[in-house]
Amino acid sequence: VPSAVTGSDGKFVIRDLPPGSYRIAAARNGYAKQEYVQRSTRSPGAILNVAAGQTIKDVNFKLIPAGTIGGRVTDSSGEPLAGVTVQLLRSVYDAQGRKSLQPSVNVKTNDLGEYRLYWITPGTYFVNATTAGSYLQSLMQGQINSAMNTAQAQGGAANPSAQQTLESMFGINTNEVAEQGFATTFYPNTADSSRAVSIDVQPGAELRAMDIALVRQASYRIQGRVVDSRSGQIPQVAVVQLASRSNPNGQAPKPMTSYDSNTGNFEFRDVAPGEYVAVAIVPSIANGAAPSMAASTANVDVSGSNVDGLTLTVGQGASISGQLNVEGAQSAASAPGIDRMRVRLIPPSDLAINLVQPAPVKPDGTFQIDNVTAGDFRVGIAGLPPNYYAKAARYAGSDALNEAVTISGSGAGGIDILVSPNAGQVTGTLVDKDQKPVPNTQVVLIPDRQRERKDTYKTALSDNSGKFTIQGIPPGSYKLFAWEEIEPFAFYDTEILRQFDARGVPVTVSESSRITQEVKIIPASR
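This structure is a prediction, so every number in the text was calculated from the model and none was measured. (Residues numbered from 1 in each chain as written. Predicted model: local features only at pLDDT ≥ 70, side-chain atom pairs only at ≥ 80, totals over all residues. Heavy atoms only, no water.)

### Quick look at the overall build of the protein chain
- Broken down by element type, the protein chain carries 3 helices and 37 strands.
- Counting only residues that meet the buried cut, the protein chain has 38% of its 526 residues in that class.
- Pairs at least 24 residues apart make up 70% of the contacts formed inside the protein chain by residues separated by at least 6 positions.
- Here the protein chain has roughly 28200 Å² of accessible surface; of this, 48% comes from carbon and sulfur atoms. (Helix = DSSP H or I, 4+ residues; strand = E, 2+ residues; numbered from the N terminus. Buried < 20%, exposed > 50% of the residue type's maximum accessible area, 1.4 Å probe, protein only. Contact = heavy atoms within 4.5 Å. Areas by Shrake-Rupley, 256 points an atom, 1.4 Å probe, with all protein chains shown as cover.)

Set out below in structure tokens:
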């Protein structure tokens, strides 16, 4: 990668570049790494197109000082805890808007319980402290001690090389006793990540006294059994996971410790008290048929004792048929690209496990959704042409487009869908505070009501002149948003959206309407 080092005057020259497109970044210890013409710490910089023989001048950077977070980790009595891992985390979202906390850097506390996270890119973060790494060290130390004791008992000499390996290769102080039995704790003092307090790191900030007090927490065991009612046999393969019900987006699902294909038994160990949902997923491969999946869920409450005897029974899903019609047309075949349309069943909760595959729509508008397990679902349609929108969907006489309907799994009833070619459209220009066009930035259209329906959110990217177009909009009231700096998909988070709701640009869309609207970008907080 071509690079250069600045001189004492801060100037640099990168020579002999082949023609092409480039991004240029500058980095120095104590500062946030920065790309050329980067509007915020999370957004990409500008692309420079270099032609043969061309010289580009005035590629200037103004680096932003990085921040620091420091504090102490103690137990409930105030005694310092050494060797505890302190993590810096930030919120990230997937394409469905599910939130998780992603670790970025971590350090260990010293003998005074002190930690220091430095050279942090300005932004909003969370901090937690965990003894999980110390527990791994304890296991390694225990195995080495056991091997050395065995060698001595057999009359051999103790081999100190294992101790030296721990100290030199892994940087482990073998005089350190690993702390165990503490719950992972988020700043300021909570084991529940949803109650964690965010820390805003400003450029050059030195945040001290971010202290965390760990508390000892009992852990328990969950044991159970998976049964496949389709075959009457113990599943040879099963995946069982445990996720938090009270905070489904705050932590990754806990994998099972063991599964016995002879008995169907599974076990989770070291489970903290709380409300969970256990999920079993079992694949099935029939002769000549495509592989399918079946799932079973059960709520589990852990409080004061182990949980034994949990049974997760997976069964055969139902097949639900349906008909898609086009408003104003004699047949569905008149809709362009009908072969690209897919009918989906959408569970209303992020905790729900949805193994139902989208069903393709046939040229006559019929479709069949297979392997539908009992549960609550809404109906969604993917792959609609640009000017189409889903106008209605009914299952057993109930509105299945706007509300979740209960499907028993018996296969009774069908789905009737009506799509309309009269969707609305919004075009406009994204500008900054000086009324200058903002290129290559996402514009988001969000409904004023039923914001839990994430399938109704629509996005577009502004072009080089700041113009954008959003098509396929159902009639209704909406707001337009665009952020200079926001985590991808964070606009799905109702708490995040509430902070900016007053800054959205309201638009009302009717059938076949064509609206032009200017949108002012929401600047970064710094």
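### Structural notes on the packing of aromatic side chains
- Enumeration over the complete set of coordinates arrives at 10 aromatic pairs.
- An angle of 65° between the planes, with centres 6.0 Å apart, marks the rings of Y36 and F61 as edge-to-face. Here Y36 is found in the loop between β3 (34-35) and β4 (48-50), whereas its partner F61 is found in the loop between β4 and β5 (67-74), with 25 residues between them in sequence.
- On the accessibility criterion, Y36 (17% relative accessible area) is buried.
- Note on F481 and W483: the rings are 5.4 Å apart at their centroids and 5° apart in plane angle, and the pair reads as stacked.
- Grouping aromatic residues by their ring pairs yields a cluster made of Y457, F489, F491 and Y492. (Phe/Tyr/Trp six-rings, centres within 6.5 Å; stacked < 30°, edge-to-face > 60°.)

### Quick look at unusual backbone geometry
- That bond from Y187 to P188 is cis: its omega, 5°, falls within 30 degrees of zero.
- Structurally, P188 is set in the loop between β10 (185-186) and β11 (199-201).
- Here the phi dihedral of V37 falls at roughly 55°; this positive angle occurs in a residue that is not glycine.
- In this structure, V37 sits in the loop between β3 and β4.
- The residue Q435 is not glycine, and still its phi comes out positive at about 65°.

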